[in-house]
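# Survey of secondary and tertiary structure
Single-letter residue listing:
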Amino acid sequence: MQIEEIYQTVEQDFSSVNHLISSQLSSDVPLVEKIAQYIVESGGKRMRPLLVLLTSRALGYEGEDHSKLATIIEFLHTATLLHDDVVDTSNMRRGRSTANAKWGNAPSVLVGDFLYTRAFQLLVSLKNHDIMEMMANTTNIIAEGEVLQLTKAGDASTSEASYFEVIKNKTAVLFAAASAGGAMLAGADKQHINAFYQYGLNLGIAFQLVDDALDYEGSAAEMGKNVGDDLSEGKPTLPLIYAMQHSSDDQASIIKHAITTKSANELTAITQAVIECGALQYTHGRALKHKQLACETLLKLNASDHKTALEHIAELAINRRT
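This text gives an overview of the structure that appears in the document. (Residues numbered from 1 in each chain as written. Predicted model: local features only at pLDDT ≥ 70, side-chain atom pairs only at ≥ 80, totals over all residues. Heavy atoms only, no water.)

## A short note on the packing of helix H7 (residues 105-126) against helix H8 (residues 129-152)
- Packing of H7 against H8 leaves a shortest axis separation of 9 Å and a crossing angle of 160°. With respect to H8, the element H7 is oriented roughly antiparallel. In this structure, H7 contributes Tyr116, Phe120, Leu123, Val124 and Leu126 to the contact, and H8 contributes Ile131, Met132, Met135, Ala136 and Thr139.
- Taken together, the residues that form the contact of H7 with H8 break down as nine nonpolar, one polar and no charged. (Axes fitted to C-alpha atoms, helices over the stretch in contact; angles between N-to-C directions. Helix = DSSP H or I, 4+ residues; strand = E, 2+ residues; numbered from the N terminus. Parallel < 35°, antiparallel > 145°, perpendicular 65-115°, else oblique. Contact = heavy atoms within 4.5 Å. Nonpolar A, V, L, I, M, F, W, Y, C, P; charged D, E, K, R; others polar.)

Below you can see the structure in the form of structure tokens.
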């Protein structure tokens, strides 16, 4: 099942989400709408809202609120991207200029705030206390994850455990909230909700692991971002952590210095070290493990096109090049 076939299983629902996203971006302040439209329509796969739609339909949901929850998830994700790009001083995302590169840091941060608040306006309209509580906790965890990542920038002594804490809090919890939220809307029992939370969490971890590996095996054209961005931001990602432990002393020293000084000047040598010591295979292996854990949570789910799509999303997440 290709990504186009996955979207086709919820084609009508996805169309409703796109329409709702567009209508909810309206603002009396033209710059707010301009920047919000620019980042939301910048070519992302909208995987997180897709999880809401597929999960709810896989559990037999027949209402309309899943489109609203999917929009909430997309707005929260987009807000984090706007803030991330400012913090990381990024100038390219998804193959084009970031909002902060085009309009500056202050407008980008404030429009990110607009998207957060618009998401919570929509969330209140769901009138579902359990989902509201989960989403409030989720956004708080994401904020903590962002700060934790910031404290680890330039820290070459970061452990694997700390790295996984960062990617779980910063990335994976929104995947988890998307799939668990779909289950909540469908009126699933606590066991199913927890299972779908674990599905999303493991999928999100696998997704981020592959993203971090691509920084050393992809190209700017494929990824839509500058190769070596993580290195220039001093982020001790898993390929680098593994390489520092398993490459030669000279190579480890180069990597440590690059992280500490937040420099991508030695990107070629570091990429070679990462490849030679097997760091990419190790990272992909960990991603595969989390993909398998995600799919195991779907085993008791009744067969359907939506269940098949959820399985294939996990497969596509670890085999992607962008």
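## Overview of the packing of helix H10 (residues 190-214) against helix H17 (residues 305-319)
- One way to put it is that H10 packs onto H17 with a least axis distance of 8 Å and a crossing angle of 20°. With respect to H17, the axis of H10 lies roughly parallel. Relative to H17, H10 is oriented so that their crossing is left-handed. Within the contact between the two elements, H10 uses Phe196, Tyr199, Leu203, Ala206, Phe207 and Val210 and H17 uses Leu310, Ile313, Ala314, Ala317 and Ile318.
- Along the lines of polarity and charge, the residues of the contact of H10 with H17 split into eleven nonpolar, no polar and no charged. (Left-handed = near helix turned anticlockwise from the far one by under 90°.)

## As for the layout of surface pockets
- Looking at the second largest pocket, its volume works out to about 300 Å³.
- Lining the second largest pocket are 18 residues, and of these Val87, Asp88, Thr89, Glu233 and Lys235 lie nearest its centre.
- Those elements giving two or more residues to the lining of the second largest pocket turn out to be helix H5 (65-87), H8 and helix H12 (229-232).
- Per-element accounting of the lining of the second largest pocket gives the leading share, four residues, to H8.
- Residue composition of the lining of the second largest pocket, by class: four nonpolar, seven polar and seven charged. (1 Å grid on protein atoms, 1.4 Å probe; cavity = no way out; pocket = protein on both sides within 12 Å on 5 of 7 lines; lining within 4 Å. Points joined across faces, edges and corners; volume = space filled by probe spheres on them.)

## Overview of empty space enclosed by the protein
- Within this structure, the stated rule accounts for one cavity of 30 Å³ or more.
- The volume enclosed by the largest cavity comes to roughly 30 Å³.
- Lining of the largest cavity is provided by Tyr38, Ile39, Ser42, Arg93, Arg96, Ser97 and Thr98.
- Breaking the lining of the largest cavity down by element, the ones donating at least two residues are helix H3 (30-40) and strand S2 (96-97).
- Split into classes, the residues belonging to the lining of the largest cavity amount to two nonpolar, three polar and two charged.

## Remarks on the pattern of salt bridges
- Taken as a whole and judged by the stated rule, the model has ten salt bridges.
- With a shortest N-O distance of 3.0 Å, Arg286 and Glu160 are connected by a salt bridge. One end of the pair, Arg286, is in helix H16 (residues 279-296); the other, Glu160, is in helix H9 (residues 160-185), with 126 residues separating them in the sequence.
- In this structure, Arg320 and Asp211 form a salt bridge, with 3.6 Å as the shortest nitrogen-oxygen distance. Remark: Asp211 occurs in helix H10 and Arg320 occurs in the segment after H17; sequence separation between them is 109 residues.
- Here Arg320 falls in the buried class, since its relative accessible area comes to 11%. (Salt bridge = Lys/Arg side-chain N within 4 Å of Asp/Glu carboxyl O. Buried < 20%, exposed > 50% of the residue type's maximum accessible area, 1.4 Å probe, protein only.)

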